[in-house]
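Breakdown of the fold
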Amino acid sequence: MKHPPNHIFSHTPESLNAWCRDVGMPPFRATQILEWVYAKGVADPDAMSNLGKADRDLLRNQITFLSGAVVRHQRATDGTQKLLVEWDDFGAKAADAERRVSLMPGSDTSRQTECVMIPSLDADERHAPARFTACISSQVGCPVGCRFCASGIGGLDANLSAGRIVEQVWRLSRLEGVRRISNVVFMGMGEPLANLGSVVPAIRTLAAPWGLGISARKITVSTVGLPKAIDKLAEQLDLPVTLALSLHAPTDEIRRELIPWAEYTTIRELLDACRRWFERTGREVTLEYTLLRGVNDQPAHARELARLARTLRANVNLIRYNEVSGVEFERPRDADVRTFQDVLREGGINAHIRASRGRDIAAACGQLRHEQAPQA
Ligand code: SF4
């Protein structure tokens, strides 16, 4: 999959200024165009009413606004919404969207990704959502292939461009009922640190005042762990993002059974990279741990995990395995999850059990995929 050559969501004010200059538009046009897109949520040049017709025509003909089409939109009973986006190939225009939707049964899954909007309700669930989290994809498919995750089935098809990463958040911010995206998590399809060249500029746009204006601290990059890439991300000191390490196992032996890439990196090397991250950025790492019944969810596993987490002073997020068709793992028993959390807490670790959101539309952790799974 090629990237659109002139995609609005890949532009910065500087690059859009340069383009405006090249096509003979006045320099303030770039500011106006970006305001339409990000502040007013308009990605249709014909609706940009303070631009003359000639400039609107230039925009429509030379810049790609939406570089993909939503081929399915699902809503879960808990308010979570999921979009299946099919990305255009090089140069194709979103104006073709309707034609592609009509071709949906034969559409190209190697160009599809999913993204999710998760509203967070108050504890009593009586008030309007206080927070809206966008869970987005960084790649089409995933090269890692964790055994409990749908995203890696079939491997990697393509990296997403920075613009396509940003476009997902923009699309989610436009969904009905969403006031403003407050948090972004790179926990959809793909290993974000294997596509750092797109992920870093995308984060800059997400956090920029002229872009989506989301606090970088509320943007979480979740990785199975590539030590060199963690070091590189730590160098972006102007981007105080949160790093989450998907550990999923307390020993290298169990980790290798679950995560094929664990063959290349030991837990010790990963934790060393997390320590360097902390030394460089001053921000603690969160450990993510998917509980799989009978595999890694017993008290002995929790004790070992607590020992590892203490060396980092890391919080631990516990995630119950979410079912993936064709995958043989089982969801842990509630009693085992509670015991696991208790053992971590007794070991001095701040441990949270993450709620599974959007399970009824396969939008929860580990369930995103680039195929049109049967309608829930
Ligand atoms: S858990 Fe993350 S890294 Fe592993 S296969 Fe799924 S998307 Fe890829």
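Residues numbered from 1 in each chain as written. Predicted model: local features only at pLDDT ≥ 70, side-chain atom pairs only at ≥ 80, totals over all residues. Heavy atoms only, no water.

1. Quick word on the environment of cysteine 365
Keep this limit in mind: A run of H or I in DSSP counts as a helix once it spans at least four residues, and a run of E counts as a strand once it spans at least two, with each numbered from the N terminus. Each residue gets one of three labels from its accessible area relative to the maximum for its type: buried under 20%, exposed over 50%, partly exposed in between, using a 1.4 Å probe on protein chains only. Working rule for contacts: check all heavy atoms of both residues, and any pair within 4.5 Å makes them a contact.
On the secondary structure map, cysteine 365 appears in the segment after β12 (351–354). The exposure class of cysteine 365 is partly exposed, given its relative accessible area of 29%. It is 9.3 Å that separates the C-alpha atoms of cysteine 365 and alanine 150, two residues lying 215 residues apart in sequence. Beyond its immediate stretch of four places on either side in the chain, cysteine 365 contacts Ile319, Asn322 and Arg354.

2. Structural notes on the packing of helix α5 (residues 162–173) against helix α6 (residues 196–207)
What counts, and what does not: The convention used is that axes are lines fitted to C-alpha atoms, helices contributing only their stretch in contact, and that angles between N-to-C directions extend from 0 to 180 degrees. Under this scheme an angle from 65 to 115 degrees is roughly perpendicular, one under 35 degrees roughly parallel, and one over 145 degrees roughly antiparallel; angles in between are oblique. Note on convention: near helix rotated counterclockwise from far helix by under a right angle means a left-handed crossing. Clockwise means right-handed. When residue character is reported, Ala, Val, Leu, Ile, Met, Phe, Trp, Tyr, Cys and Pro are called nonpolar, Asp, Glu, Lys and Arg charged, and the others, Gly included, polar.
Where α5 contacts α6, the two axes come as close as 8 Å, and the packing angle between them is 40°. Compared by their axis directions, α5 and α6 come out oblique. By crossing handedness, the relation of α5 to α6 is classed as right-handed. Facing α5, whose interface residues are Ala162, Ile165, Val166 and Val169, α6 presents Ser198, Val199, Pro201, Ala202, Thr205 and Leu206. Looking at the contact of α5 with α6, its residues break down into 8 nonpolar, 2 polar and no charged.

3. Considering the pattern of salt bridges
Inclusion rule: Salt bridge criterion: a side-chain nitrogen from Lys or Arg within 4 Å of a carboxyl oxygen from Asp or Glu.
On inspection of all chains with the given rule, the structure shows 18 salt bridges. Here aspartate 272 makes a salt bridge to arginine 275, at a shortest N to O gap of 3.0 Å. Taken together, the residues aspartate 272 and arginine 275, both in helix α9 (residues 267–281) and 3 residues apart, mark about one turn of the helix. Note on arginine 275: relative accessible area 29%, which makes it partly exposed. Two residues, glutamate 304 and arginine 307, come together in a salt bridge whose shortest N-O distance is 2.8 Å. Of this pair, glutamate 304 and arginine 307 are both found in helix α10 (residues 299–312), 3 residues apart, which corresponds to roughly one turn of the helix. Residue classification places arginine 307 among the partly exposed positions, given a relative accessible area of 41%.

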